[in-house]
Amino acid sequence: MRQGGTIAAAVAESSRITGTVAEWEAWTRMSFPDDGHYVFPGGLALLDIDHHHDRGAYWEPCVWITHDVRDRHQAPT
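Presented here is a report on the structure given in the accompanying data block. It should be emphasised that the depicted structure is a prediction, and the values quoted were computed from it without experimental measurement. (Residues numbered from 1 in each chain as written. Predicted model: local features only at pLDDT ≥ 70, side-chain atom pairs only at ≥ 80, totals over all residues. Heavy atoms only, no water.)

## Overview of helix α1 (residues 21–28)
All of the buried residues in α1 are Val21, Trp24 and Thr28. Angularly, the buried residues of α1 cover 60° about the axis, an arc narrow enough to put them on a single face. In α1, the exposed residues that point more than 90 degrees away from the buried face are Ala22 and Ala26. Contacts made by the buried residues of α1 are with β1 (6–19), β3 (47–50) and β4 (55–66). Looking one or two places after α1, you find Arg29, whose phi comes out positive at around 55°. (Buried < 20%, exposed > 50% of the residue type's maximum accessible area, 1.4 Å probe, protein only. Helix = DSSP H or I, 4+ residues; strand = E, 2+ residues; numbered from the N terminus. Arc of directions from axis to C-beta. Contact = heavy atoms within 4.5 Å.)

Laid out in structure tokens, this is it:
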């Protein structure tokens, strides 16, 4: 359903999500045997796995959409 929004900006790195490799394996129900970038279900960007630092890091992208909140039934002023 269209709500009449206008795309204001796309942000490649909106929310940072980090966890241990074991946490990412539990969250995604996947195995990450090597360092590198992985695609995971529901992810909109790549997950970076670093076994040396026992860390998985992911930047969630987003799109900002603006909406006119004026009452559409009210005449413009």
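## Some details on the packing of aromatic side chains
Under the defined criterion, the tally for this structure stands at 5 aromatic pairs. With a centroid separation of 6.2 Å and 65° between ring planes, the pair formed by Trp24 and Tyr58 is classed as edge-to-face. With Trp24 in helix α1 and Tyr58 in strand β4, the pair connects residues that are 34 residues apart, well separated along the chain. For Tyr58, a relative accessible area of 2% translates into the label buried. Each residue in the set Trp24, Trp27, Phe40 and Tyr58 is aromatic and connected to the rest through ring pairs, giving one cluster. (Phe/Tyr/Trp six-rings, centres within 6.5 Å; stacked < 30°, edge-to-face > 60°.)

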